[in-house]
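Here are the chains, one letter per residue:
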Amino acid sequence: MFASRRGALAALLLLCCCCFAPNAAVAELADKLRDDSELSQGTAKTFRRIMPVRFYSLLEQNPVANATLALRSCTIFVPTNEAFQRYKGTAQVLYHMTTAAFSQSQLKTSVTSDMEGNPPLYITNGRNGDIYVNNARIIPSLSVELTNREGKRQVMHIIDEVLEPLTAKSSSTEMNNMDAMQFMRVADQLNLGNRTLRTYRTQVTMAKKESLFESPGFHTFLVPIDEGFKHSTRSGLVDAKVIDGHVIPNTVIFTAASEHDEPKTSAAFEDQIKVTVSFFKQKDGKMYVKSNTFLGDAKHKEGVVLAEIVKANIPIKNGVVHLIHRPLMIIDTTVTQFLQDNGENGALRKFYEVIMDAGGGVLEGINNLSEVTILAPSNEAWNISSIDNIVRDRKKMTDILNMHIIKDRLNVEKIRQKNANLIAQVPTVNNRTFLYFNVRGEGADTVVTVEGGGVNATVLQADVAQTNGFVHIIDRVLGVPHTTVLGKLQTDPMMSDTYRMGQFSHFNDQLNNTLRRYTYFVPRDKAWQKTELDYPSAHKKLFMRDFYYHSKNLLERHLVIADHAYTMKELVQMSLTDTVVLQTFRDSLKVKIEEEAGHLHDEYASHEWTEYVILWNYKKINVYRPDVECTNGIIHVIDAPLLEEKDIVVSGGSYLPESSICIMLANLIMITVAKFLN
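Since this is a predicted model, take the numbers as computed values, not measurements.

Re the sheet that holds strand S3 (residues 110–112)
Then, in step 1: Here 7 strands make up an open sheet; going across it, the order is S2-S1-S7-S6-S5-S4-S3 and the pairing mixed. In the strand order of this sheet, the two ends are held by strand S2 (97–98) and S3, each with one partner.
Then, in step 2: Pairing of strand S6 (residues 136–147) with strand S7 (residues 153–159), which is carried by 6 bridges, proceeds in the antiparallel orientation. Within S7, the residue paired with Glu145 across the bridge is Val155.

Some points on the layout of surface pockets
Then, in step 1: Estimated volume of the largest pocket: approximately 1,300 Å³.
Then, in step 2: Asp261, Lys290, Gly443, Thr446 and Ala462 are the residues nearest the centre of the largest pocket, which is lined by 42 residues in total.
Then, in step 3: When contributions to the lining of the largest pocket are tallied by element, the ones reaching two or more residues are strand S11 (274–281), strand S12 (287–295), strand S13 (303–316), helix H16 (412–419), strand S19 (447–452) and strand S20 (455–466).
Then, in step 4: Residues that form the lining of the largest pocket fall into these classes: 15 nonpolar, 14 polar and 13 charged.

What about the packing of helix H18 (residues 496–504) against helix H21 (residues 548–556)?
In a pair of packed helices, the angle between the axes and the distance between the axes together describe the arrangement.
Then, in step 1: Where H18 meets H21, the closest approach of the two axes is 8 Å, and the angle between their N-to-C directions is 125 degrees. By the angle between their axes, H18 is oblique relative to H21. Here the hand of the crossing between H18 and H21 comes out left-handed. Two secondary-structure elements touch here, H18 through Thr498, Met501, Gly502 and Phe504 and H21 through Tyr548, Ser551 and Leu555.
Then, in step 2: Residues that form the contact of H18 with H21 fall into these classes: 4 nonpolar, 3 polar and no charged.

Digging into empty space enclosed by the protein
Then, in step 1: One pass over the structure, following the stated rule, counts 5 cavities of 30 Å³ or more.
Then, in step 2: Considering only enclosed or pocket space, the largest cavity measures out at about 120 Å³ in volume.
Then, in step 3: Lining the largest cavity are 13 residues, with Pro119, Leu166, Met175, Asn176 and Asn177 positioned closest to its centre.
Then, in step 4: Classifying every residue of the lining of the largest cavity gives 8 nonpolar, 3 polar and 2 charged.
Then, in step 5: Counting residues domain by domain, the lining of the largest cavity receives three or more from each of domain 1 (30–159) and domain 2 (180–332).

Notes on the confidence of the model for the protein chain
Then, in step 1: Chain-level statistics for the protein chain give a pLDDT mean of 84 and a share of 84% at 70 or above.
Then, in step 2: When the criterion is pLDDT under 50, residues 30–48 qualifies, and its contacts beyond four places in sequence or with other chains add up to 30 contacts.
Then, in step 3: Predicted confidence for residues 650–678 stays below pLDDT 50, and this span has 58 contacts to residues more than four positions away or in other chains.

Observations concerning the side chain of Gln154
Then, in step 1: Position of Gln154 among the secondary structure elements: in strand S7.
Then, in step 2: A distance of 2.8 Å separates a polar atom in the side chain of Gln154 from the backbone oxygen of Leu69.
Then, in step 3: There is a polar contact of 3.0 Å between the side chain of Gln154 and the backbone oxygen of Arg72.

Observations regarding the pairing of strand S8 (residues 219–224)
Then, in step 1: Where burial is concerned, most of S8 is hidden: 6 out of the 6 residues are buried.
Then, in step 2: Here S8 shows no split at all, with His219, Phe221 and Val223 on one side and Thr220, Leu222 and Pro224 on the other all buried.
Then, in step 3: Pairing of S8 with strand S14 (residues 319–324), which is carried by 6 bridges, proceeds in the parallel orientation. In the sheet register, Pro224 faces S14, and the bridge partner there is Ile324.

Thoughts on the pattern of salt bridges
Then, in step 1: Summed over all chains, the structure comprises 24 salt bridges.
Then, in step 2: The partner of Glu259 in a salt bridge is Lys264, and the shortest N-O contact between them spans 3.7 Å.
Then, in step 3: For the salt bridge of Asp534 with Lys530, the shortest nitrogen-to-oxygen distance reads 3.1 Å. Within this pair, Asp534 and its partner Lys530 are both found in helix H19 (residues 525–534), separated by 4 residues, close to a single helical turn.

Details of the pairing of S7
Then, in step 1: Burial analysis of S7 places 6 of its 7 residues in the buried class, the great majority of the element.
Then, in step 2: Pairing between strand S1 (residues 74–79) and S7: 6 bridges, direction parallel. Residue pairing in the sheet places Val78 in a bridge with Ile158 of S7.
Then, in step 3: Hairpin remark: S6 followed by S7, antiparallel, with 5 residues in the connecting loop; positive phi at Gly151, about 80 degrees.

The rules behind each value
- Residues numbered from 1 in each chain as written.
- Predicted model: local features only at pLDDT ≥ 70, side-chain atom pairs only at ≥ 80, totals over all residues.
- Heavy atoms only, no water.
- Pairing = 2+ DSSP bridges.
- Helix = DSSP H or I, 4+ residues; strand = E, 2+ residues; numbered from the N terminus.
- 1 Å grid on protein atoms, 1.4 Å probe; cavity = no way out; pocket = protein on both sides within 12 Å on 5 of 7 lines; lining within 4 Å.
- Points joined across faces, edges and corners; volume = space filled by probe spheres on them.
- Nonpolar A, V, L, I, M, F, W, Y, C, P; charged D, E, K, R; others polar.
- Axes fitted to C-alpha atoms, helices over the stretch in contact; angles between N-to-C directions.
- Parallel < 35°, antiparallel > 145°, perpendicular 65-115°, else oblique.
- Left-handed = near helix turned anticlockwise from the far one by under 90°.
- Contact = heavy atoms within 4.5 Å.
- Domains from an automatic or database assignment.
- pLDDT = per-residue confidence, 0-100.
- Polar contact = N/O pair within 3.5 Å; in protein donor to acceptor, adjacent residues only side chain to side chain.
- Buried < 20%, exposed > 50% of the residue type's maximum accessible area, 1.4 Å probe, protein only.
- Salt bridge = Lys/Arg side-chain N within 4 Å of Asp/Glu carboxyl O.

What follows is the structure in structure tokens.
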């Protein structure tokens, strides 16, 4: 199976022979492949591009490596040129070799390297069936197998990252193949940057948990550095259960092979407490790990704790160690402290910068809340051009920031309870604004979306727990429109029926025009559901393609086209003097808008806000979501369609109540849309 690949390696070794004076073993390997009949010019070019001359130089200079090539079976893991360019250290050649020949299918669990102390190389399977050696991916099509003069089988695999073993600061330090506990004991002597582990090591010893870190097998250890214990009382919260929550037993996880946000069972998983751990990567390349205590007790609160991985992928005798910037499971900071801790160079750096630029009022307001939930946009969420001008307007920016703050403790489970199979409506500290949550799926498949100020955002990391509330990290900035009226209809789960009706006649097509300004009164899905109960046959036909002309006429009554998109506040002011006449697509719409005080009392909080009511054709229609801003207009989501009784007629034009129609003339019902009110 490797015959077709020998020619590729021949090209490589011939190239190396031209650049260096190879010793006997490397020369023999080159001679062995020189005359391979399957060598193609294209393959040779590929290998010249990716294969590192530097690695072969190191290989030639190492007598142990040469002896292995000359006399023994072996497997060599060869990093690409790009991998060497990224790597800042000195590659350890013998850590890339093992004295047994393994094809890709023969690589299982771990192999022993030739490096002094024989530290292991761990084999894991990543996404899409890729095979990884520690944190390096084997490039599937570039493995080569051959035999040397001694008849020994040898295999070479090309990998996309230099393999980095655990090394000491001083050459005098003896490096035996150490387990996780030994690693923590001698951490001060190892090349870990300026990171120390004394506090966590002390807590492990005090809790008598050394055996967990000494246990043989293949485990993943998450070890907090000393800097993560700068809060004076934090170290005292590290008990045996918290320590268990930092270990993923019987599974070795290197970051490149980790599944994004896939929960893994920690050692803290029993009847009284259940903690999972998962890895995820930010778009800026930073890796994070999070614990989720979904069954806790009085000392171990439920919720998510995030920690940045500050040094990843340290291989040890019984698995892999990742150093993290703070301990998991421990919930000991307020929402304000969390924002400050993650504001310098963390996952919420830009959000915190905008808060500070807006003045101290926003942060002070958060700090004064005894219970609070923050919808915090990720760093990437701020990378849109439409935000730049808004950030300079401190008042506007303050309003937008307040749209992300809820005076309540809301985790996903409470949002789900509020949802009650519908979209949950939650007031923010900006009294004019509600957030609308939608929860789909269960467990690891749960997807939470939130809409505010015309922007639909997805929750990237939910339930990050603090002592006085929760932080949910979202992928967009609420209140900064980024889509047209059409885009909003397409993506908002509350407006799907109106969008579907508008597709029949291509009515929706115009809503993408950014040269116009629309004010669109959109009945929410629940409004159409009520229409179905009152007028079942009429509703059925409105959503049939054959009756697109009638549904189009009805929607035209709801769409105002002008040089200006009208907010509810503006319509209220216009209504103070007289009935407001708005130019719709074909005719005009006569309405008055009134303000009413809204109140909400539930088990979590009490809220007051302003509600709007549309007076039209002797009907009062509530505005469920006012002022949903889009890039080319405003949507007002309403609780009933602007539908007249005479819009529902039977053949011949005479009106009958729907109940009579269903009984007497069910097969004769037709829907027409009358002319608009004059």
